[in-house]
Amino acid sequence: MRRVLGLCALALGTSGCFVSLGSLGALRGERPLRETTLEGEGRAKILLVDVSNVITDLPTKHAFGLLEEESTVARVHAELKKAADDERVKAIVLRVNSPGGGVTASDDVYGEIVRFKNERKVPVVAALGDVAASGGYYVACAADRIVAHPTTVTGSIGVIMTSLNLEGLLAKVGVRNQTFKAGEHKDILSPLRGATAEERRIIQSILDDLHARFVSVVREGRPKLDVSRLAELTDGRILDARQALAAGLIDQIGDLHAARVVAYRRPDETRENIYSAARGAPAQVNVLPVDLGALATSGPRFMYLWAPGLGE
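Criteria and thresholds
Residues numbered from 1 in each chain as written. Predicted model: local features only at pLDDT ≥ 70, side-chain atom pairs only at ≥ 80, totals over all residues. Heavy atoms only, no water. Helix = DSSP H or I, 4+ residues; strand = E, 2+ residues; numbered from the N terminus. Buried < 20%, exposed > 50% of the residue type's maximum accessible area, 1.4 Å probe, protein only. Contact = heavy atoms within 4.5 Å. Areas by Shrake-Rupley, 256 points an atom, 1.4 Å probe, with all protein chains shown as cover. Expected span 1.5 Å × (residues − 1). Patch = residues over 30% accessible without salt bridge, like charges linked within 9 Å, V, L, I, M, F, W, Y side chains within 5 Å. Salt bridge = Lys/Arg side-chain N within 4 Å of Asp/Glu carboxyl O. Axes fitted to C-alpha atoms, helices over the stretch in contact; angles between N-to-C directions. Parallel < 35°, antiparallel > 145°, perpendicular 65-115°, else oblique. Nonpolar A, V, L, I, M, F, W, Y, C, P; charged D, E, K, R; others polar. Core = buried A, V, L, I, M, F, W, Y, C linked by side-chain atoms within 4.5 Å. Pairing = 2+ DSSP bridges. Phe/Tyr/Trp six-rings, centres within 6.5 Å; stacked < 30°, edge-to-face > 60°.

(A) Expanded view of the overall build of the protein. If you tally the helices and strands in the protein, you get nine helices and 15 strands. The buried share of the protein, reckoned over its 312 residues, is 48%. Long-range pairs, those at least 24 residues apart, make up 79% of the contacts in the protein between residues at least 6 apart in sequence. Put simply, the protein shows about 15600 Å² of open surface, and 54% of that area lies on carbon and sulfur atoms.

(B) Region of interest: unusual backbone geometry. Positioned with a positive phi, N53 is a non-glycine residue whose angle comes to about 60°. Mapped onto the fold, N53 is located in the loop between β4 (44–52) and β5 (60–62). The backbone phi angle of K121 is positive, close to 55°, even though this residue is not glycine. Relative to the assigned elements, K121 resides in the loop between α3 (103–120) and β9 (124–133). Judged by relative accessible area, which is 69%, K121 ranks as exposed.

(C) Here's a closer look at α3. Its 18 residues give α3 an end-to-end C-alpha distance of 26 Å, which sits within 8% of 26 Å, the value for a rise of 1.5 Å per residue. Along α3, the residues classified as buried are V103, A105, S106, V109, Y110, G111, E112, I113, V114, F116, K117 and R120. Just downstream of α3 lies K121, where phi reads positive at about 55°.

(D) Inspection of helix α6 (residues 197–221) at higher detail. Taking 1.5 Å per residue as the helical rise, α6 with its 25 residues ought to reach 36 Å, and the 36 Å between its terminal C-alpha atoms agrees with that figure. Those residues of α6 lying buried are E199, I203, L207, L210, F214, V215, V217, V218 and G221.

(E) Local environment of the environment of S156. Structurally, S156 can be placed in the loop between β11 (153–155) and α5 (167–172). For the pair S156 and A132, spaced 24 residues apart in sequence, the C-alpha to C-alpha distance is 8.9 Å. With residues up to four places along the chain from it excluded, the contact list for S156 reads A133, S134, F214, G236, R237, I238, L305 and W306.

(F) Region of the structure containing a nonpolar patch on the surface. On the surface, L164, L166 and L169 cluster together into a nonpolar patch covering about 290 Å² of accessible area. Inspection of the secondary structure puts L166 in the loop between β11 and α5.

(G) Representation of the packing of helix α2 (residues 72–84) against α3 in the model. Orientation of α2 relative to α3, taken along the N-to-C sense of each, is 10°, at an axis distance of 9 Å. Judged by the inter-axis angle, α2 sits roughly parallel to α3. Residue-level contacts link T72, V73, V76, H77, L80, A83 and A84 of α2 to A105, D108, V109, E112, I113, F116 and R120 of α3. Residues that form the contact of α2 with α3 fall into these classes: nine nonpolar, two polar and three charged.

(H) Layout of the nonpolar core. L128 and L249 are the most contacted members of the largest nonpolar core, which totals 54 residues. Core analysis: the second largest hydrophobic core is formed by five residues, I46, L48, A91 and V93 among them.

(I) Inspection of the pairing of strand β10 (residues 145–148) at higher detail. When β9 meets β10, the two strands line up parallel, connected through four bridges. Among the inter-strand pairings, A127 is bridged to a residue of β10, identified as V147. Bridge count between β10 and strand β13 (residues 252–253): two bridges; the pairing is parallel. For A148, the partnering residue across the bridge sits in β13 and is I253.

(J) Structural context of the pattern of salt bridges. Scanning all chains against the criterion turns up 16 salt bridges. Linking D50 and R95 is a salt bridge whose minimum nitrogen-to-oxygen distance equals 2.6 Å. Of this pair, D50 sits in strand β4 while R95 sits in strand β7 (residues 89–98); the two residues are 45 residues apart in sequence, bridging distant segments of the chain. R95 sits in the buried class, given a relative accessible area of 11%. Here R237 and D235 are joined by a salt bridge, their closest N and O atoms 2.7 Å apart. Its relative accessible area of 35% is what places R237 among the partly exposed residues. Put simply, K181, D187, R193 and E199 are held in one network by salt bridges that share partners.

(K) Up close: the packing of aromatic side chains. On inspection of all chains with the given rule, the structure shows four aromatic pairs. Both rings, one in Y110 and one in Y138, keep their centres 5.4 Å apart while their planes meet at 70°; by these two values the pair is edge-to-face. In this pair, Y110 sits in helix α3 while Y138 sits in helix α4 (residues 135–140), placing the two residues 28 residues apart along the sequence. Of the two residues, Y110 and Y138, both sit in the buried class. Within the aromatic cluster, the residues linked to one another by ring pairs are Y110, Y138, F214 and Y304.

So this is what it looks like as structure tokens:
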């Protein structure tokens, strides 16, 4: 069967309903998750978990800081915590439509899903949307099976860190770097000067370690992976669904469809059906996926992220 529901029904051994915990909505204090039926019928439930847009471990502010959206990690944790107390939840569909995100955030979401799966002994199927790249694919590796839409773009197995070098620009306007430090590399990745060869080696060693962790997650979660192509498949390249299937990165090409869907949602969130986007927009990959204002305080971050504009 090519549909995600068919896979879950097979795992359940019976008819059932989909459960979703809703979208990543704006916070207005602590608001409980509540279950709502969207489509279908049946006693057994399939929990629909959304991982959409950039994967975060910190709240995101909108509307000039007036609205705060809970992080991906916090939302997935809350959903799985609620589902852990419901014995009628017999399977999970992890819907991924994300270009990835922070290294730690991606690993935290992955860990939450793996722990729930192991503790509850329920099957997990990942359903990939428009984009399930880098950290998005990392998260999908927690699933027992991965199903991609025919138009999915996935892969981008790699790590990226970006940092600006403004030294030349500042020199043109007469601004000089005057940094005082104790420790030769204390200002590593400072935008006020170029990196030294030793600093490039230090950063590259960290990138290589994080990349190795990504590769180990892929190998553990994808036993059918074409090992002879491992170096090629983990060099950061993206693949379409057909290419990913041939390489063993996914198990099947299909779409997300169900006879019945129920959801858990916040009081002010709406979800009409299983295709309703978590935040009403597809994953964005060709724009800068970080808050420029936040860069000044948070500094450079290691990312499992496919963002073509950042790599040039």
